[in-house]
Amino acid sequence: MSSSYIISIDGPAASGKSTVARKLAEKLNITYLSSGSVYRAITYVCLSKNIKPSDENLKDFINTQSFNIEHGKVFVNNQDYSKFLSLPETENAVSSYASLACVREFALTLLRDVAKHESIIMDGRDIGSVVFPNATNKFFLTASQEVRAKRRYDEFCKNHPNEKINLDNILAEIIKRDDMDRKRELSPLIVAENAILIDNSKLNIEETIQAIYNSLHKKTGEA
Ligand code: C5P
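This report concerns the structure included in the present document. (Residues numbered from 1 in each chain as written. Predicted model: local features only at pLDDT ≥ 70, side-chain atom pairs only at ≥ 80, totals over all residues. Heavy atoms only, no water.)

Things to note about helix α5 (residues 101-114)
Residues spaced three or four apart along an α-helix face the same direction, because each turn holds 3.6 residues.
Item 1. Between its terminal C-alpha atoms α5 stretches 20 Å, which fits the 20 Å expected from 14 residues at 1.5 Å a residue.
Item 2. What α5 keeps buried is the set C102, V103, R104, F106, A107, L110, L111 and V114. (Helix = DSSP H or I, 4+ residues; strand = E, 2+ residues; numbered from the N terminus. Expected span 1.5 Å × (residues − 1). Buried < 20%, exposed > 50% of the residue type's maximum accessible area, 1.4 Å probe, protein only.)

Considerations on the sheet that holds strand β1 (residues 6-10)
Hydrogen bonds along the backbone pair up the strands of a sheet, which may run parallel or antiparallel.
Item 1. Sheet architecture is open: 5 strands sit in the order β2-β6-β1-β7-β8, paired in parallel fashion. Of all strands in the sheet, those bounded by a partner on one side alone are β2 (31-34) and β8 (196-199). Shown here is a sheet whose adjacent strand axes are inclined to one another by a mean of 20 degrees, direction ignored.
Item 2. In this fold helix α2 (residues 35-48) packs onto β2 and β6 (120-124), with an angle of close to 45 degrees to the strand it touches most, β2. (Pairing = 2+ DSSP bridges. Axes fitted to C-alpha atoms, helices over the stretch in contact; angles between N-to-C directions. Contact = heavy atoms within 4.5 Å.)

Let's talk about the pattern of salt bridges
Pairing between side chains becomes possible if they bear opposite charge and their charged atoms approach one another.
Item 1. For the structure shown, the criterion picks out 12 salt bridges.
Item 2. Measuring nitrogen to oxygen at the nearest pair gives 3.0 Å for the salt bridge that ties R104 to D126. Taken together, the residues R104 in helix α5 and D126 in the loop between β6 and α6 (127-131) connect sequence positions 22 residues apart. Each member of the pair, R104 as well as D126, is classed as buried.
Item 3. The closest approach of N and O atoms between K150 and D154, which form a salt bridge, is 2.9 Å. Taken together, the positions of K150 and D154, both in helix α7 (residues 145-159) and 4 residues apart, correspond to about one turn of that helix.
Item 4. Given the relative accessible area of 37%, K150 is considered partly exposed.
Item 5. Ionic contacts of the salt-bridge type, sharing partners, join the residues R40, E91 and R177 into one network. (Salt bridge = Lys/Arg side-chain N within 4 Å of Asp/Glu carboxyl O.)

A word on the environment of Y81
Item 1. Position of Y81 relative to the elements: it lies in the loop between β5 (79-80) and α4 (88-98).
Item 2. On the basis of relative accessible area, Y81 is assigned to the buried category, the value being 5%.
Item 3. Counting along the chain gives 39 residues from Y81 to I42, while the straight-line C-alpha distance between them is 9.9 Å.
Item 4. Here Y81 is in contact with A41, Y44, V45, V74 and V76, once residues within four sequence places are set aside.

Here we look at the site of the ligand
Item 1. In the vicinity of the ligand, 16 residues are found, and the nearest of them are R40, R104, D126, R177 and R184.
Item 2. In this structure, a nitrogen atom belonging to the ligand sits 3.0 Å away from a side-chain N or O atom of S35.
Item 3. R184 has a polar side-chain atom sitting 2.8 Å from an oxygen atom of the ligand.
Item 4. Coverage of the ligand by the protein amounts to 95% of the 460 Å² it exposes when considered alone.
Item 5. Elements with a contribution of two residues or more to the shell around the ligand: α2, α4 and α8 (167-183).
Item 6. Counting residues per element, the shell around the ligand draws most heavily on α2, which supplies 4 residues. (Near = heavy atom within 4 Å. Polar contact = N/O pair within 3.5 Å; in protein donor to acceptor, adjacent residues only side chain to side chain. Areas by Shrake-Rupley, 256 points an atom, 1.4 Å probe, with all protein chains shown as cover.)

Note that all results are geometric; they support no functional claim without further evidence.
Written as structure tokens, this is what we have:
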């Protein structure tokens, strides 16, 4: 592979892209960044100041906040935002903020800056289509909605053993989120040109990583 490169991994919620991207980055010894974490950080900082998606000051507000990305972590006004990114309020609001033009524009600049000086694996919805249309390698991971709902369900049960959750509700949330991400006007979730599509409904994480790894080496070998 060339000295500096970009690997994009896009896909819908619970397609396993973040776990796969993180592990692959470890294997290749390069930085991993979840672009969703940038949208989540923007969402949380807005929520914390009660700036709603419809607020006309939203664009000015985010432009006065200091965002930094270091080693794949997002800092806002020098605070590590990791712990705020998976809060239910962030989770529930992120798709609404992420559909706004000013938010996408702001995130785009941050995401492109990260790749200026280092090789990176970035996951998201529009990395191969909009953020890095010239990425060295592009992948699109997906799985059936039922399989993805079951993954979210199992993850929740593992992390919250004393709480009850309903699989049908999770499936409904997955369907709703897919719909919002696919039908939105700006940067909808699509399979980017030249992206390799991997349906991992029947693959585990290691098998999915292996499929990507094989494809990276096949491409290098062909070059
Ligand atoms: O990947 P993650 O689940 O963290 O993304 C959270 C939300 O951020 C997505 O549902 C989507 O609405 C938005 N997002 C986006 N574009 C990206 C990454 C995430 O719109 N590249």
